[in-house]
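Each chain, letter by letter, is given below.
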Amino acid sequence: MDVYGLLGNPVGHSLSPPMHEAAYDELGLEARYVTFEPDEDDIDDAIRGADALGIAGLNVTIPFKQDALEIVAPEDLATRIGAVNTIDFSGSGPPTGYNTDAVGALRALRDHDVDLEGSRAVVVGAGGAGRAVSFGLADAGATVAIANRTESKAHALADEVSRATGHGLGGMQRLVADADVLVNATSVGMDSAETPVPADALHDELTVLDAVYTPIETRLLRDAAAAGATTIDGAWMLLYQGVEAFEIWTGRDAPVDVMNSALRSRL
Ligand code: NAP
């Protein structure tokens, strides 16, 4: 029996257990996915203890993503993003840390036929999700304009990301007018009817990915659909970060449709 899990605090409402266990059932794997809620001071012991106990893999969420970076051997992308959300314990050396949020966003976009090489992207937000999406898009060949409420954070992030520029939220119309891809990586719209981008900035040549998945149809996505844009909800990004973790851990292609159904039936 392989044991996988999620480290976070709180983790009570996580959708990862049903999503991963649906995949184990589909492929006939003898595995379980459980949640762990260590105290904030115990994250080091928790990860080393998981390794000692033979746990196969862990996802990591708030507030431990940055701490985990210091405890595992992180991949280059996770190091640049500054956060680890997936740990693989299968090697003989120290556990490897990945950031699958970046790949999750890229796979969500590619699944909707977006060609990122040479594209112009606007990322709203410069927190954890904004960092992951910005590095991911730049690695995929996009030019990235990062816009954030605290403008200095957008400039600081843009200095780290290739072909990126930093902006405040003020000039959104101008930024989005020329863009092919828009990603909301702020928490604006989460359990509210707010949007980080004015409706009149949206247009029909745009693909809009909202990282927010509660509600599944945010005001931004409604406005984008009304403007004729292609819309991708946050459950796609959540799905593909889990798919990517599953594939890292098991070395097998994930049953994406089964995981998607398990996730969406609970949203
Ligand atoms: P975070 O690190 O706390 O960053 C929050 C971001 O939202 C910052 O850029 C912040 O701007 C901005 N923000 C917050 N309130 C705002 C407001 N009222 N107006 C304008 N900007 C505001 O959070 P995170 O981890 O990046 O998560 C952001 C969102 O992405 C959350 O909704 C999270 O659930 C979602 N997410 C989804 C996935 C997925 O798989 N779908 C993965 C990761 C995250 P300042 O810097 O100015 O404070």
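Just above sits the structure.
Predicted model only: the values in this text are computed from it and were never measured. Think of each chain on its own: its residues are numbered from 1, step by step along the sequence as written. Side-chain atom pairs in this predicted model are given and counted only at pLDDT of 80 or more, local residue features only at pLDDT of at least 70, and totals for whole chains, interfaces and linings cover all residues. As a rule here, side-chain values come from all non-hydrogen atoms in the structure, and water together with hydrogens is ignored.

A. Structural context of the overall build of the protein chain. Secondary structure elements follow DSSP: runs of H or I no shorter than four residues count as helices, runs of E no shorter than two count as strands, and numbering proceeds from the N terminus. Secondary structure assignment for the protein chain yields eleven helices and twelve strands. Taking 267 residues into account, the globule formula puts the C-alpha radius of gyration at 18 Å, and the protein chain, at 18 Å, falls close to it. If you line up the protein chain on its principal axes, its C-alpha atoms span 55 × 35 × 35 Å. Burial classes follow relative accessibility: with a 1.4 Å probe on protein chains only, a residue under 20% of its type's maximum area counts as buried, one over 50% as exposed, and anything between as partly exposed. Counting the 267 residues in the protein chain, one finds 53% classified as buried. Contacts are assigned to residue pairs with any non-hydrogen atoms lying within 4.5 Å of each other. Put simply, of all contacts in the protein chain between residues at least 6 apart along the chain, 63% involve residues at least 24 apart. All accessibility values rest on the Shrake-Rupley procedure with a 1.4 Å probe; residue burial counts only the protein chains present in the view. Roughly 11,700 Å² of accessible area belongs to the protein chain as shown, and the carbon and sulfur atoms make up 46% of that amount. This radius of gyration counts C-alpha atoms alone. The globule rule is 2.2 Å times how many residues there are, raised to the power 0.38.

B. Spatial organisation of the pattern of salt bridges. Any Lys or Arg side-chain nitrogen found within 4 Å of a carboxyl oxygen on Asp or Glu counts as a salt bridge. Evaluation of the coordinates by the stated rule reveals twelve salt bridges. Salt-bridge contacts for arginine 32 lead to glutamate 21; the nearest nitrogen and oxygen are separated by 2.8 Å. Here glutamate 21 lies in helix 1 (residues 16–27) and arginine 32 lies in strand 2 (residues 31–36), a separation of eleven residues in the sequence. Residue arginine 32 is classed as partly exposed on the basis of its relative accessible area of 42%. A salt bridge links glutamate 247 to arginine 107; its shortest N-O distance comes to 3.0 Å. Taken together, the residues glutamate 247 in helix 10 (residues 234–250) and arginine 107 in helix 5 (residues 100–111) connect sequence positions 140 residues apart. Taken together, the shared-partner salt bridges in this structure form one network comprising Asp76, Arg80 and Asp139.

By themselves, these figures tell us nothing about what the structure is for.
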